[in-house]
2 protein chains.
Amino acid sequence: MKTTLINIGDELLIGQVVNTNASWMAEQLNRVNVDVEHIVTVADDPTEITCTLENELHFADAVILTGGLGPTKDDMTKQVLCRFFGAKMVVHQPTFEHVANYFEMRGLPFNEVNHHQADVPDCCTVLFNEVGTAPGMWFEQNGKIIVSLPGVPSEMKFLMNQYVLPRLEARHVDEVILHHTILTQGIGESFLADTISEWEDALPQAFKLAYLPQAGLVRLRLSARGTEQMNLPQRMQDELAKLEKLIKPYMVGEETDTLETVVHKLFTDRYLTLATAESCSGGALAAKIVSVPGSSVYFKGGVVSYNNEIKNKMLGVSEETLRKYGAVSRQTAEEMAQGCLEKMKVDYAVATTGIAGPTGGSDEKPVGTVWIAVAGKNGVSAHKYQLGNDRPKVIERTVNQSLGDLIKFLG
Amino acid sequence: MKTTLINIGDELLIGQVVNTNASWMAEQLNRVNVDVEHIVTVADDPTEITCTLENELHFADAVILTGGLGPTKDDMTKQVLCRFFGAKMVVHQPTFEHVANYFEMRGLPFNEVNHHQADVPDCCTVLFNEVGTAPGMWFEQNGKIIVSLPGVPSEMKFLMNQYVLPRLEARHVDEVILHHTILTQGIGESFLADTISEWEDALPQAFKLAYLPQAGLVRLRLSARGTEQMNLPQRMQDELAKLEKLIKPYMVGEETDTLETVVHKLFTDRYLTLATAESCSGGALAAKIVSVPGSSVYFKGGVVSYNNEIKNKMLGVSEETLRKYGAVSRQTAEEMAQGCLEKMKVDYAVATTGIAGPTGGSDEKPVGTVWIAVAGKNGVSAHKYQLGNDRPKVIERTVNQSLGDLIKFLG
């Protein structure tokens, strides 16, 4: 079922609000096999809303509108839809009572403006909004579905879950859409493409591959789409098995996994503890680790040793090492990780030291040179990386590479 | 100038990625007086891209496309635009050298797939992408502007700031547009609105005020728009002077200042040094400080003492304090800050300790309870805050409040 989302609201067009409704709706619709093909944001303006709706209905089987259902003058979606369907506005009695009650419970006057919240075009099926005052509306015309929902995320989500998703899911029992996402780390997008090029070219027509790169990691999403008869779940498994063989060394997670949740799972499953010693990443690695709720179970803490004196005093990196090899060196990275392991009394420690830039680089050690070391009870391992010359990216890539190295070190 | 944004990417249509590019672009375009009238998200599909572009060009003066410029097979925007303009693909030599160099610096082979990153339709003006491998492209046809940018946020932002915004702004020279932004910290949006309500209501017609709230801070942007004759620069000064009187205690910066750049300036101007001791913010405060290039001059380092043992061993918080008052207390925050000051031998130290949630709260100390202490040569000062119950927001607000407290402590 081809679907368009129309998000109505001036606040979206001036960038004051990020359109999180669209991504949430798309994700949920996708889950019940409804394809979102267009997402259109337009102003609270009758002409804009009408034209966009007309345009989209040329090809879409369903259009879901959000926003413009409030009681104030700048909200006009309901009037637009009433006119669009040549309908008459009538009072929806259950909604009227619900809204009256809503205001009474809050000790607020139920004025004329708010009365109109209970008006709906007479050709719609009301989606009763238990969690707010604006009713959802479901229209059908010429085999097409048009749904209007409030823009308030909690109300939109309630109505989607309660009515829209189950109704749409019931419509197309014959189509199958599958997705599987694989998280890779340690290989760039173009090299990944090279590595899997033959397999990708040979993918059957029902399959589609997407590359979703971020700093230092790439997600691969394999999608399949067809009918029940096509045996897609099994074929998806087969394709994934082939893919896995090709990129095994770089695979660190799947579906909604992130590097930090993979680390979280490894450490909690194995009852291990972790600490960090950061120079160039400056706390961003620790911050990424503690972004996962419950990380305090295994993450004991870290040292941000931005200065050599701190590397020496708090982590025990020897003055000689710092003098002889410099702060950005295998030796310093290793001593940072080992010092951290001992001082913090943990099972594993990760250390970063590098040149984030924009200054501080040299011919021998240009901006972007980063050493990452991981220490555990069985020793320490360090690797050197070149992570570009853009300070925030160098930091982000250092964090992702550190988590990747840690995951590989744990095996 | 009527503008449409076309964001290309399957990941947006299945809700895997929230379209933050659109809101950022809309906000920036709005700032230079470019009106975004439509934001359309479509698939990485030649027909979709072409049809949407054609449709939007019927009414828009400018169309900005993002996404679909990567080296892999699922990216096809460049080919689509080449065909759309009836152009020929040619190698852009500076980009070719830049991309070759990019790969060489990372010690990576420059393969066939990546060579194509330097291809562009011969009718475009290349917007040289210093921070990535996909060049931006600027087309003009029949008085309309079509711009294609990479979807990677950092690259899109670089090209917008460097080329697209200045060029679009230069198109309407007869108009005067002024903006002034004030950074406030320590007062919520609605209280700020209350405080300046009379002044805001009395603003002349040419003026417009926008509230841009983030976790724990609010930016106020005053804009004025009109003709040369309206004497807007002087009137802007007058309005700002009135505003400043009302909110002086909360003003910490202006224009592009951020809390971390204000801290940066304070510490570099006064030749001071700084260190951090973080519990609930888990490294995010240090990471924010070092996000500013050159911060190594004054930031010596920090301890992430997620665990009480680390608070005691690395920062010298007494076991008695931890037992008697708990980790989330004035006493612990103060001892963390003072311990950090002494151990790291710095002029100032900031400490955070709190409950980021979702678990760990109690009736007495619910989730979101955070103590922040600042220590300097003349003593230590601590404050307690309630920062909500959403883990990432609690962490972000803790960071911003800590920087705000530090700025006020320095006076």
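Every chain begins its residue count from 1, and numbering advances along the sequence as written. Chain letters and ligand numbers both follow the written order, the letters beginning at A and the numbers at 1. It should be noted that, the model being predicted, local features are given only for residues of pLDDT at least 70 and side-chain atom pairs only at 80 or more, the latter also being counted only at that level, while totals for whole chains, interfaces and linings use all residues.

Asker: How would you summarise the interface of chain A and chain B if you had to cite specific residues and measurements?
Answerer: Note that contacts rest on C-beta atoms placed from the backbone: two residues are in contact if these are within 7 Å. Listed as interface residues are 61 residues of chain A and, on the opposing side, 65 residues of chain B. Throughout, the ten residues Ala, Val, Leu, Ile, Met, Phe, Trp, Tyr, Cys and Pro are labelled nonpolar, Asp, Glu, Lys and Arg are labelled charged, and all others, Gly among them, are labelled polar. Partitioned by chemical class, the residues of the side of chain A that touches chain B number 33 nonpolar, 18 polar and 10 charged. At least two bridges found by DSSP between two strands are what make those strands a pair. Only runs of H or I of at least four residues qualify as helices and only runs of E of at least two qualify as strands under DSSP, and these elements are numbered from the N terminus. Bridge analysis of strand β2 (residues 35-42) of chain A against strand β2 (residues 35-42) of chain B gives three bridges, and the strand direction is antiparallel. Among the inter-strand pairings, I39 of chain A is bridged to a residue of β2 of chain B, identified as T41 of chain B.

Asker: Describe the packing of helix α8 (residues 189-201) of chain A against helix α9 (residues 232-247) of chain A, with residues and values.
Answerer: All names here are of chain A. Closest axis-to-axis distance for the α8/α9 pair is 10 Å, and the angle between their directions is 140°. One finds that α8 runs oblique with respect to α9. The interaxial crossing formed by α8 with α9 has right-handed handedness. Residues L192, T195, I196 and W199 of α8 touch α9, and the partners they reach there are K242, L243, L246 and I247. Only the stretch in contact is used when fitting a helix axis, every axis being a line fitted to C-alpha atoms; angles between N-to-C directions are given from 0 to 180 degrees. Should an angle lie under 35 degrees it is considered roughly parallel, over 145 roughly antiparallel, and from 65 to 115 roughly perpendicular; all remaining angles are considered oblique. A clockwise turn of the near helix away from the far one marks a right-handed crossing, whereas an anticlockwise turn of less than a right angle marks a left-handed crossing.

Asker: Can you break down the environment of A351 of chain A residue by residue, with the values?
Answerer: Residue and element names in this part refer to chain A. With respect to the helices, strands and loops of the structure, A351 is situated in strand β15 (residues 348-354). Classification of A351 by C-beta neighbours within 10 Å gives buried; the count is 35. With 15 residues separating them in the primary sequence, A351 and M336 have C-alpha atoms 5.9 Å apart. Aside from chain neighbours lying at most four places away, what touches A351 is A277, A333, M336, A337, C340 and A373. Exposure classes come from backbone-placed C-beta atoms, where a residue is buried if 20 or more other C-beta atoms lie within 10 Å of its own, exposed if 12 or fewer do, and partly exposed in between.

Asker: Help me get a handle on unusual backbone geometry, residues and values and all.
Answerer: With an omega of 5°, the peptide bond running from G357 of chain A to P358 of chain A counts as cis. Among the structural elements, P358 of chain A can be located in the loop between β15 and β16 (369-376). In this model, N142 of chain B sits at a positive phi of 50°, which is unusual for a non-glycine residue. The residue N142 of chain B is located in the loop between β7 (136-141) and β8 (144-149) in this model. Notably, N231 of chain B is not glycine yet its phi reads approximately 55°, a positive angle. Residue position: N231 of chain B is located in the loop between β11 (217-226) and α10 (232-247).

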